[in-house]
Amino acid sequence: MSSRAEPVHQRVKVREYDVDIRTYGSGSRQVVLVHGIGASGRYFSRLVEVLAQTATVHTLEMPGFASVPKPSQSLEMDDFAAINIAALRTAGIGPAQWVGHSMGCQVVTEMAVQAPELATSVVLLGPTINRGERHAALQGLRLAQDCLREPPVVNWMLLTDYLRAGPRWYLRTMPKMVGHRLEERIGRVTPPVTLVRGGRDPIVPARWVQELAAARPGAVAVELPGQPHVCMFTRPVETAALLEEAASGR
């Protein structure tokens, strides 16, 4: 993150689990960012720099990822969601725009189902898992393809985050992510929903986003032309503008 905007960091205990929350900015609009499998809040850094100019931004790092202690058992998407909600309540972070990336979209969707009163709007960046490729090996192939389209700094960031999480926790979480049916859950989300994909994202094809939009009537689907899976890093200004539009209902 930018050295000009050092975060307020707190580790929140939820039963036997820990969640790291880093807070940037001081604007009246609240934004919560939830990372994907193996990742951390670091790849939101460029988006945070833009958002924190006008909003208060909170990045969550979930149990087992980054430097957060690993649970003794694997967690389902709705487990991660319940833990995140409890952490936000404990930290006193009230209604906010909830933004997920990749697996974080699945978690944020479950959060919005469980506690809709706390989500002013929901934005899903690169939502997984594509129903047509619901297999860990295929997802690994798509991830490898995406690596060829990401900037080197993103690949390095994700590689080091994967190493911090460790292969055991990654592999224990992967089946939970692959088995989650986002297309069956998104229709239960009552706050406004925006779906975003990069135009060159091999993990999240356009037809999958269209299917999700059809499953949640009223959802807005947007494509960032020419962008890979981690579109909020490659196009932070455009992504921030989409978040603002979603927050304002435009």
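Residues numbered from 1 in each chain as written. Predicted model: local features only at pLDDT ≥ 70, side-chain atom pairs only at ≥ 80, totals over all residues. Heavy atoms only, no water.

Draft legend 1. Here's a closer look at the pattern of salt bridges. Tallying each qualifying case throughout the model produces 14 salt bridges. R185 is the salt-bridge partner of E110, the closest N and O atoms lying 2.9 Å from each other. Remark: R185 occurs in helix α7 (residues 182-185) and E110 occurs in helix α3 (residues 103-114); sequence separation between them is 75 residues. A relative accessible area of 3% places E110 in the buried class. One network of salt bridges, with partners in common, ties together R11, D20, R22 and E61. (Salt bridge = Lys/Arg side-chain N within 4 Å of Asp/Glu carboxyl O. Helix = DSSP H or I, 4+ residues; strand = E, 2+ residues; numbered from the N terminus. Buried < 20%, exposed > 50% of the residue type's maximum accessible area, 1.4 Å probe, protein only.)

Draft legend 2. Fine view of the environment of A247. Tracing the backbone shows A247 in helix α10 (residues 236-248). With 217 residues separating them in the primary sequence, A247 and Q30 have C-alpha atoms 9.7 Å apart. With sequence-adjacent residues up to four places away left out, A247 is seen in contact with R29, Q97 and S121. (Contact = heavy atoms within 4.5 Å.)

Draft legend 3. The arrangement of the packing of aromatic side chains in detail. Enumeration according to the criterion identifies four aromatic pairs in this entry. On the basis of an interplanar angle of 70 degrees and a centroid distance of 5.0 Å, the ring pair of Y43 and F44 is categorised as edge-to-face. For F44, a relative accessible area of 0% gives the class buried. Geometry around F233 places R46 over its ring, the cationic atom sitting 5.3 Å from the centre. (Phe/Tyr/Trp six-rings, centres within 6.5 Å; stacked < 30°, edge-to-face > 60°. Lys NZ or Arg CZ within 6 Å of the ring centre and 35° of its normal.)

Draft legend 4. Inspection of helix α6 (residues 167-179) at higher detail. For α6, spanning 13 residues, the distance from its first C-alpha to its last is 19 Å, which sits close to the expected 18 Å at 1.5 Å a residue. Taken residue by residue, α6 has W169, Y170, T173, M174, M177 and V178 as its buried positions. (Expected span 1.5 Å × (residues − 1).)

Draft legend 5. Spatial organisation of the sheet that holds strand β7 (residues 193-198). Taken in spatial order, the eight strands make up an open sheet running β1-β2-β4-β3-β5-β6-β7-β8, and their pairing is mixed. Every other strand in the sheet has two partners, leaving β1 (8-14) and β8 (220-224) as the edge strands with one partner each. Pairs of neighbouring strands in the sheet enclose a mean axial angle of 20 degrees, with direction left out of account. Note that strand β2 (residues 17-24) and strand β4 (residues 55-61) share five bridges and pair antiparallel. Paired with Y24 across the bridge in β4 is V57. Packing of helix α2 (residues 77-91) onto the sheet brings it into contact with β1, β2, β3 (29-34), β4 and β5 (96-101), and relative to β1 it is tilted by some 120 degrees. (Pairing = 2+ DSSP bridges. Axes fitted to C-alpha atoms, helices over the stretch in contact; angles between N-to-C directions.)

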